[in-house]
Amino acid sequence: MTATATSARSDLSELGRSETALRAFLHGLPGVDQVGAEQRAAQLGTRSIKTTAKAQAIDLAIRMVDLTTLEGADTPGKVRALAAKALRPDPADPSCPHVGAVCVYPSMVPYAAEVLRATGPGRPSDGPGPGSATGRPSDGSEPAGGAAPTGLGGVHLASVATAFPSGQAPLEVKLADTRAAVEAGADEIDMVINRGAFLAGRYGEVYDEIVAIKDACGGADAGRQGRPRAHLKVILETGELATYDNVRRASWLAMLAGGDFIKTSTGKVPVAATLPVTLVMLEAVRDFRAATGRQVGVKPAGGIRTTKDAIKYLVMVNETVGPDWLDPDWFRFGASSLLNDLLMQRTKLKTGVYAGPDYFTLD
Amino acid sequence: MFEYAPAPESRSVVDIKPSYGLFVDGTFVDPTDGGSFKSINPASEEVLAEIAEGGSQDVDRAVRAARKAYEQVWGPMPGRDRAKYLYRIARIIQERSRELAVLESLDNGKPIKESRDVDLPLVAAHFFYYAGWADKLGYAGFGPDPKPLGVAAQVIPWNFPLLMLAWKIAPALATGNTVVLKPAETTPLTALLFAEICQQADLPAGVVNIVTGAGETGRALVEHPGVDKIAFTGSTEVGRAIARAVAGSRKKLTLELGGKAANIVFDDAPVDQAVEGIVNGIFFNQGHVCCAGSRLLVQESVAETVLESLKRRMARLRVGDPLDKNTDIGAINSAAQLARIRELTDAGAAEGAQQWSPPCELPERGFWFAPTIFTGVTQAHRIAREEIFGPVLSVLTFRTPAEAVEKANNTPYGLSAGIWTEKGSRILWMADRLRAGVVWANTFNKFDPTSPFGGYKESGYGREGGRHGLEAYLNV
Amino acid sequence: MSERVAVRKTYKLFIGGKFPRSESGRSYLVQDSNVSLASRKDARDAVIAARAAVRGWAGATAYNRGQILYRVAEMLEGRREQFVALGVPGDEVDAATDRWVWYAGWSDKLPQVYGGANPVAGPYFNLSAPEPTGVVAVVAPEAPALLGLVSVIAPAIVSGNTVVVSASPAAPLAAVTLAEVLATSDLPGGVVNILTGRHAETVPTLAAHMDVNAIDLTGVTDPELAADLEVKAAENLKRVLRPADHDWSGDPGLGRMTWLLETKTVWHPKGV
C-alpha cells in the first residue's frame, strides 16, 4: 500500500523500468474485498436523485457520453449521422448540450471528422473546451496542423485503435493503427491492454505496449514533436480480469504507463462496465493523484443504457473522487443507447410528460 | 458541485393516532391510573402521539392475560399452527414494511434508508425464520419434546425498536411462550403498530401484550411473580439491576447489554473496504448500536493513511432529515442521549484527545450530533472505556497482533469485534483470541436471523438468533 | 513386637496444582481428620491460579483435554479402594469413574453438536462455535461426596473452563483425595482448585470476585445464601447456575456443559 499510503507525492516513473519493481509495486497495492466493494457500490446506487439534481445530472451525463458505434456494419453514412447527433442531440431543444465525443473505428474517423470539423469553432458548447485551462494536464499547445479538438465543435473524436477489441495483433500493426487514426483526425485513442500478458503476470510487456501506443498518439510526428496529439484511453477489459484486485493493478499499470483515461471495457465481451468495477477504478485514480499529482480520467463503457444507471455512476464519482472528476474531461460514458434515454428523461423533466422513443433520433 | 435535491419519503403512508392505549388481551385498553407520556420525533421535537403509561396494575393485567393465553390457547396449540400465525405476521410485516419503516424513522430518528433497507427486512426475516422452528423444536438439539417456560417478560431498547421486538417475540412465540413486552419510552410507536398487526393476523388474544411506559413499568414487569422468563436488551447498568432483582427466583434470564467493540485494522487490510467498515461500524444508526465498532484499533504503520481516508469518507456523510432517502446519519434519539454523548465527548476533549468532525450543518430543532472521531486516545481515556452510544469513534493504535488482541479484550464488555486483514490465518488466530460473541472479519455490523448474537462478560448472557436463540425460551 | 504405627495424611487445599495449607493457618476437624479451613485469601489465590490456567487449558486441543479427562478416569479407577476406605461406596466410585469417561469423550464433540455453520442470507461464511466462559466458581453438592463433585467439575473443565471448587464442608476428604488423583493425571495446575472449609466463608468472595465468570450454586442449600450470592454475582454479570435437586445417577445431559459456554459467531465475506 505504499503508493496510497503517502500523501507526499511520489516519483513512480522508474517503476516501469524493471519487471520486478513493477510486480512488487502492483502486488503491494491494498486488496479489494469483493463483497465489501459490491455492497458499497450498491449502497451508492440507492441514492435518490430528484428534480433539480436530476436535471443537472442529466445534462452532465449527456456531456459525458462518448457516443459510440463499433459495428462491422458501420458505414460513412451511419457515422456521419452519429456525428451530427453528437453535435445536436436534441434538435428540438437548442439548450441541450452536445456529447463528449464520438467513438468509431479508425476507418470511420475521416467521416466523423468531416461532420464535426464542418461545424467549426464557436459552436454552442456547455462544456469547457478541450485543452482548456482546467482541462487535461498533458494538453498544452496543439501541434500545428493537427486535428485540433476545437476544430471539432467541442465534440471530441475518439477512435478504438490497437486491433480492437481483442488486441491480438503484432505491436507494429497496433502502432500503425493508432497513428492512422490520429492522422485521420482522432484526438482520443481508445486502446486495449494485452489481457493475456497481464493475466500471465507479464506486466512489463503490458506496460511497454501502453508506452509505445502513447507515443504513437503523437501520430506520424511521434517522437519528433514530443507532444501527443491525442489522448490515450486505456481499456482494461475488466470483464476478463476476473478479480477486483486485478482491476486495481491494471488501473495502476495503465496510469503508470501514461494513460490519460482508464476505461472498463470494449463492449465486446459478455461483462462490460459495472458499478463496483468503476468504483475500484475511481479509487485507483484518486489514490494515483494523491501519490503523483497527476489526474487520470475514468470511462465506464458498455451496458449503461438508462438515465437511472448513468446517475448512479455520477453519484459514485461524486462520493468517491469528488467534484474534480465531475467533468467530461475526467469522466465519460462509453455508450450508444444511453443518450436517447437521457434525452427522454430530460424532456420529461422539462415538460412533465413522459417521452416516447419515436421523438428521438435513432442514430 | 453535484448537490442532491431533497428526496423525502412520504409520511402520508402511515397514520399516527393522537393517542394509544396499552395492548392487553388482544385489545387496546386505557391504563388503570390514566397516566400517559408523549412520544416525540427526535428530528423535530414534534409530538407524535400520547402514549399510555402502564402501572403495576396494568402489568398485572397483562401478565394474567398472557398466563391465560399460555395455559388455554398458545401452550396447547400444535407447533404447526403457531408456525402459521408467525408466518402470517412475517407476511403482514413485509406488506406493510414501508409504513413501518416510515413510522420507525419518525419515532426513532434513524434514516429511512436504514429502517427501509436494514431494520424492516430483518424484522420480517426474523419472524419467517422462527416460524419454521415452531413445529421442529424436537430437532433443535434440546431433547425430543422441549417445553416452553410460560410467560416471557421482554424489555427492549430504543435503538432498533421493531427489530428488537422481533428478536424477542419471534422465538418466544415459536417455542410456545406468551409475552408481555415493554418497548422503550422514546420509541413505542412501531410496537403499537405491531399490536395492530397481531390483531390483523388474528393472533389469539393475550399471546402478545404490549405495555408501554418507562423504567418503573419495566421494573414492575420484571419483578412480577407471574413471569417465568425475562429477556432484556439495554444498558449494562439496568441489566445488572435486573440480574439482582431476579436473584433467588426461578425466572430464567437472558441479557443483551452494552459493548465497546474494537474494530482492528491491519496494515494489509483491504483499505477502502476497511474504511467503509469503520464508517458502518460506528456511524450506522447514529452509533446507537450495542455492537458498534466504537474503538478503532489501527496498526501504527498505516494509521495515517487509514485516518486520512476515513476523514475523507466522513466528509461525504449526509446528516439530516431522517426521512430524506439520501440521509446517512439521522437524529440522536433523545435529549437525554444527546446529553450523555456530549458529556463523554467533553470528557474526551478534556482528557486531551483530539476531536475532529467534518464540516456539517446540523438542523436547528431536534437532537443532533455530528459524526466525530477522537485521535490520540489511550486505553485510559473514558471515551475508550465507556459506551458512548453515539456517532463517536475513538482511535487507538497498535503494533503487533498480540497487542491488538490485548487492547481489544481490555474491557469489561465482550459483545463484538472486527478484524481487517487479507491474511486468512491471522483472521482465525485473532478470532480465537478475541473475547466477543460476534467477530466480523473484513465486514462489520452484519445481522441475520440464523446467526446467534450475544455477548461475553458484562455484555450479557444468552444468545438471540439461530438455533441457539431457542434455548432462552425453552425449559432446558 | 509392637504394631507398625500408621502414617496419617494431612488434608490440605489444592491450588494451582500444589497442596498448600490455608494461608490462615486454620484447620477444622471433620471425618476424624484435620482439614484445612480455607480463608477469603485462599479463595483469592485460587482464582488467580484458575485465571492463569485458562489460556493454556482453553487453548489446548480438544483431543488433548479429552485424553487428560480420560487419564483422570484411569487414575481414579486405580485408587478405588482409597475412596472406599474413606467411606465412599464402591459403586459410587465406579459411577464417578464412568462419569469422567463420559465427559472425556465430549471434549471434541461438544463444539460439533453445539456449534455449526449458519446459512445467512448473504455472501458470507458464518460459523458459530462454543468457547469456555473462563473461571468458574463451583459450590459442590453435599452428597454424594465423590460422584456429586465429579459431576460438577468434569462438565465445567471439559470445554476449557477452569474451576475453583468449594468442597462439601461435611465430607471434604473425597474432594482432597480427588485432588490427588487430578494432580497425577496430567491435568495442568490451576485447572481445578479445591477449597475446603465453610461455603459461607469463601463462596461470597468467589461470588463477588470480578475476575470470576460464572458461579455454580448447586451445593448451596440455604435459599437466602443462594439469593445473596446471586446478587453478588450480578455485579459483573456472572453466569449463574441456581441450586436445584439432582439425580446424580441419571444421564447428565448437556446442560451442565452448555451453560458454561460462550457462543462466538464469526463472519467473513465470500469473494474472489
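As recorded in an unreviewed UniProt entry, chain C goes by the name Aldehyde dehydrogenase, listed as coming from Micromonospora qiuiae.

Under the annotation held in an unreviewed UniProt entry, chain B carries the name Aldehyde dehydrogenase and is attributed to Micromonospora qiuiae.

**Quick notes on the sheet that holds strand S8 (residues 333-335) of chain A**
Residues and elements named next belong to chain A. Sheet architecture is open: eight strands sit in the order S7-S6-S5-S4-S3-S2-S1-S8, paired in parallel fashion. The sheet terminates laterally at strand S7 (297-299) and S8, the two strands that pair on one side only. Neighbour to neighbour, the strand axes of the sheet diverge by 25° on average, direction disregarded. Two strands pair when backbone bridges link them, and strand S3 (residues 156-160) and strand S4 (residues 188-192) are joined in this way by three bridges, in the parallel orientation. Pairing of Val160 across the sheet is with Asp190, part of S4. The strands touched by helix H4 (residues 51-64) are strand S1 (65-68) and S8; relative to S1, the strand with the most contacts, the crossing angle is about 50°.

**Quick word on the packing of H4(A) against helix H13 (residues 338-351) of chain A**
All names here are of chain A. Two elements in contact, H4 and H13, have axes whose closest approach is 10 Å; the angle formed by their N-to-C orientations is 150°. Viewed along their axes, H4 and H13 form a crossing whose handedness is left-handed. On H13, the residues touching Thr51, Lys54, Ala55, Ile58, Asp59, Ala61 and Ile62 of H4 are Leu339, Leu342, Leu343, Gln345, Arg346 and Leu349. Broken down by class, the residue content of the contact of H4 with H13 amounts to eight nonpolar, two polar and three charged.

**Overview of the sheet that holds strand S4 (residues 124-132) of chain C**
Across the sheet, ten strands lie side by side as S13(B)-S14(B)-S15(B)-S12(B)-S11(B)-S16(B)-S17(B)-S10(C)-S4(C)-S3(C); this open sheet has mixed pairing. Every interior strand has two partners, whereas the edge strands, strand S13 (354-356) of chain B together with strand S3 (116-117) of chain C, have only one. As paired strands, strand S11 (residues 262-265) of chain B and strand S16 (residues 416-420) of chain B are joined by four bridges and run parallel to one another. Residue pairing across strands places Val265(B) opposite Trp420(B), the latter belonging to S16(B). On the sheet, helix H11 (residues 335-350) of chain B packs against S13, strand S14 (372-375) and strand S15 (392-398) of chain B and is oriented at approximately 30° with respect to S14(B).

**Side note on the UniProt feature "domain: Aldehyde dehydrogenase" (unreviewed entry) in chain C**
UniProt records the feature "domain: Aldehyde dehydrogenase" (unreviewed entry) for residues 34-240 of chain C in the present numbering. A helix fraction of 52% and a strand fraction of 16% characterise residues 34-240 of chain C, whose end C-alpha atoms lie 32 Å from each other.

**What to know about the packing of aromatic side chains**
Ring pairs (aromatic) are described by centroid distance and by the angle formed between their planes. Throughout the structure, instances matching the rule amount to 24 aromatic pairs over all chains. Both rings, one in Phe2(B) and one in Tyr4(B), keep their centres 5.2 Å apart while their planes meet at 85°; by these two values the pair is edge-to-face. Each member of the pair, Phe2(B) together with Tyr4(B), is buried. A ring pair is formed by Trp440(B) and Phe447(B), whose centres lie 5.8 Å apart and whose planes are at 80°; its orientation type is edge-to-face. Comparing Trp440(B) with Phe447(B), the two get one shared label, buried. Taken together, the ring pairs connect Trp167(B), Trp440(B), Phe444(B), Phe447(B) and Phe453(B) into an aromatic cluster. Above the face of the Tyr354(A) ring, Lys348(A) is positioned so that its terminal group lies 5.0 Å from the ring centre.

**Quick notes on the interface of chain A and chain C**
Frequently, the measure chosen for interface size is the accessible area removed from exposure when the parts meet. Of the residues lining the interface, seven residues belong to chain A; the matching set on chain C comes to six residues. Taken together, the two surfaces of chain A and chain C that pack against each other cover about 500 Å², and 55% of this comes from carbon and sulfur. Among the residues of chain A in contact with chain C, Asp33(A), Gln34(A) and Val35(A) are the three that bury the most area, contributing 66% of the side total. Between chain A and chain C we count zero salt bridges in total. Our count for the contact surface shared by chain A and chain C stands at two residue pairs in polar contact (both at pLDDT 80 or more).

**Considering the side chain of Asn193(C)**
Residue and element names in this part refer to chain C. Within the secondary structure layout, Asn193 lies in strand S7 (residues 192-195). According to the relative accessible area criterion, Asn193 is buried, its value standing at 0%. In terms of polar contacts, Asn193 uses its side chain to reach the backbone amide nitrogen of Gly16, at 2.8 Å. Within the local environment of Asn193, its side chain forms a polar contact with the backbone oxygen of Gly190, the two atoms lying 2.8 Å apart. For Asn193, the residues in contact, after removing those within four places along its chain, are Phe14, Ile15, Gly16, Ala46, Ala49, Ala50, Val163, Val164 and Val165.

The rules behind each value
Residues numbered from 1 in each chain as written. Chains lettered and ligands numbered in written order. Predicted model: local features only at pLDDT ≥ 70, side-chain atom pairs only at ≥ 80, totals over all residues. Heavy atoms only, no water. Pairing = 2+ DSSP bridges. Helix = DSSP H or I, 4+ residues; strand = E, 2+ residues; numbered from the N terminus. Axes fitted to C-alpha atoms, helices over the stretch in contact; angles between N-to-C directions. Contact = heavy atoms within 4.5 Å. Left-handed = near helix turned anticlockwise from the far one by under 90°. Nonpolar A, V, L, I, M, F, W, Y, C, P; charged D, E, K, R; others polar. UniProt positions renumbered as here; feature names shortened; annotations may be inferred. Phe/Tyr/Trp six-rings, centres within 6.5 Å; stacked < 30°, edge-to-face > 60°. Buried < 20%, exposed > 50% of the residue type's maximum accessible area, 1.4 Å probe, protein only. Lys NZ or Arg CZ within 6 Å of the ring centre and 35° of its normal. Buried area = accessible area lost by both parts, 1.4 Å probe. Salt bridge = Lys/Arg side-chain N within 4 Å of Asp/Glu carboxyl O. Polar contact = N/O pair within 3.5 Å; in protein donor to acceptor, adjacent residues only side chain to side chain.

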